[in-house]
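What the coordinates show
The primary structure of each chain is shown beneath.
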Amino acid sequence: MADNTLNKLLHLIDASNAKELRVAALNVLGAVGAVGERHVVTTLLDVLKDVDQELRIAAIKALGQLRAEEAIAQLEAFVRQGGPELEPAVHAVSLLGARGAKLMGKVTPELSPSVRSRIAAVLAKSNTGNALVVTAQGLLDEDPKVIEATARSLAMEVPAYTPAQRHALAKFLIESLHAKKIAPKSEAALLRVLAALH
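Calculation criteria
Residues numbered from 1 in each chain as written. Predicted model: local features only at pLDDT ≥ 70, side-chain atom pairs only at ≥ 80, totals over all residues. Heavy atoms only, no water. Helix = DSSP H or I, 4+ residues; strand = E, 2+ residues; numbered from the N terminus. Buried < 20%, exposed > 50% of the residue type's maximum accessible area, 1.4 Å probe, protein only. Axes fitted to C-alpha atoms, helices over the stretch in contact; angles between N-to-C directions. Parallel < 35°, antiparallel > 145°, perpendicular 65-115°, else oblique. Contact = heavy atoms within 4.5 Å. Nonpolar A, V, L, I, M, F, W, Y, C, P; charged D, E, K, R; others polar. Salt bridge = Lys/Arg side-chain N within 4 Å of Asp/Glu carboxyl O. Expected span 1.5 Å × (residues − 1). Arc of directions from axis to C-beta. Core = buried A, V, L, I, M, F, W, Y, C linked by side-chain atoms within 4.5 Å.

1. What to know about the overall build of the protein
- The helix and strand inventory of the protein stands at 12 helices and 0 strands.
- Overall, the protein shows an N-to-C arrangement of helices and strands of α-α-α-α-α-α-α-α-α-α-α-α.
- For the protein, the spread of C-alpha atoms along the principal axes amounts to about 60 × 30 × 25 Å.
- Among the 198 residues that make up the protein, the fraction classed as buried is 48%.

Written out as structure tokens, the structure reads:
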């Protein structure tokens, strides 16, 4: 992006009193910025500390679009808080590839069932194979509500999955069904999603 345009966007984000302009600048920056431009990521990370929720959410989305791994700790904090920033933070983390999937796999079991259900819904819609496998792990959860929410989210999104995503999900489901100790509720949910794949 031309430095002049980038500088104007960064100035709007930093100096404007109009929230709508700041949100619009954040949206544009996420769409056209580059993660290699250090001052872009630094500005977005600073916005995560803003008191305005709408600005924080716009910055989270922009960091996800830029695949800014520098934001992973802050994104994890938003996921753990379970507030309104949870869904955009989970989606942003899902865009970080294997590192993001590893984080979600680590964090998700530590959270409450209601937060785990929200995470499953977001990850099921993300377009990454790693996120689908992390989501599918919710089918093995001990909480029946999490199992049901995960199965519903995955089954609804199956038509949108690519062949590679379907393959990754089917492989996980089949391997899980072959596990020795599996709860009946989990087994039924695994079969339900597997049936939706075919």
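2. Considerations on the packing of helix 6 (residues 86–94) against helix 7 (residues 97–107)
- Look at helix 6 against helix 7: their axes get within 7 Å of each other, and the N-to-C directions meet at 135°. Judged by the angle between their axes, helix 6 and helix 7 are oblique. Across the interface between the two elements, Val-90, Val-93 and Ser-94 from helix 6 touch Gly-97, Gly-100, Leu-103 and Met-104 from helix 7.
- By residue class, the composition of the contact of helix 6 with helix 7 is 4 nonpolar, 3 polar and no charged.

3. Re the pattern of salt bridges
- Under the criterion given, the structure shown has 14 salt bridges.
- Two residues, Asp-46 and Lys-49, come together in a salt bridge whose shortest N-O distance is 3.8 Å.
- By relative accessible area, Lys-49 is classed as exposed at 68%.
- Through salt bridges that share partners, Glu-76, Arg-80, Lys-106 and Glu-110 make up one connected network.

4. Comments concerning helix 11 (residues 163–177)
- Relative to the 21 Å expected for 15 residues at 1.5 Å per residue, helix 11 spans 21 Å between its end C-alpha atoms, a close match to the ideal helical length.
- Burial in helix 11 covers these residues: Gln-165, Leu-169, Ala-170, Phe-172, Leu-173 and Ser-176. Viewed end-on, helix 11 has its buried residues packed into an arc of 160°, placing them on one side of the element. Exposed residues lying more than 90 degrees from the buried face of helix 11 are Pro-163, Ala-164 and His-167.

5. Re the packing of helix 2 (residues 19–32) against helix 4 (residues 53–66)
- In the contact formed by helix 2 and helix 4, the axes pass within 8 Å of each other and the chain directions differ by 10°. What the angle tells us is that helix 2 and helix 4 run roughly parallel. Residues Lys-19, Arg-22, Val-23, Leu-26, Asn-27, Leu-29, Gly-30 and Ala-31 of helix 2 lie in contact with helix 4, whose contacting residues are Glu-54, Leu-55, Ala-58, Ala-59, Ala-62, Gln-65 and Leu-66.
- The residue inventory of the contact of helix 2 with helix 4, partitioned by class, reads 9 nonpolar, 3 polar and 3 charged.

6. Here's the deal with the nonpolar core
- By size, the foremost hydrophobic cluster in this structure holds 44 residues, and its most contacted members are Leu-44, Val-79 and Ile-119.
- Filtering out sequence-adjacent residues up to four positions away, Leu-44 remains in contact with Leu-26, Leu-29, Ala-59, Ala-62, Leu-63 and Leu-66.
- By size, the runner-up hydrophobic cluster in this structure holds 18 residues, among which are Leu-132, Ala-136, Ala-170 and Leu-197.

7. Describing the side chain of Ser-117
- Here Ser-117 shows up in helix 8 (residues 113–125).
- Among all residues touching Ser-117, those that are not within four sequence positions of it are Lys-145, Val-146 and Ala-149.

8. A short note on helix 3 (residues 38–47)
- Along helix 3, the positions that sit buried rather than exposed are Val-40, Val-41, Thr-43, Leu-44, Leu-45 and Val-47.
- For helix 3, the secondary structure elements touched by its buried residues are helix 1 (3–15), helix 2, helix 4 and helix 5 (72–81).

9. Notes on the side chain of Glu-157
- Note on placement: Glu-157 falls in helix 10 (residues 144–157).
- Setting aside its immediate chain neighbours within four residues, Glu-157 contacts Ala-124 and Lys-125.

10. What about the environment of Leu-75?
- Within the secondary structure layout, Leu-75 lies in helix 5.
- Separated by 30 residues in sequence, Leu-75 and Leu-45 place their C-alpha atoms 9.9 Å apart.
- Discounting residues that sit within four places of it in the chain, Leu-75 has contacts with Ile-60, Ala-89, Ala-92, Val-93 and Leu-96.

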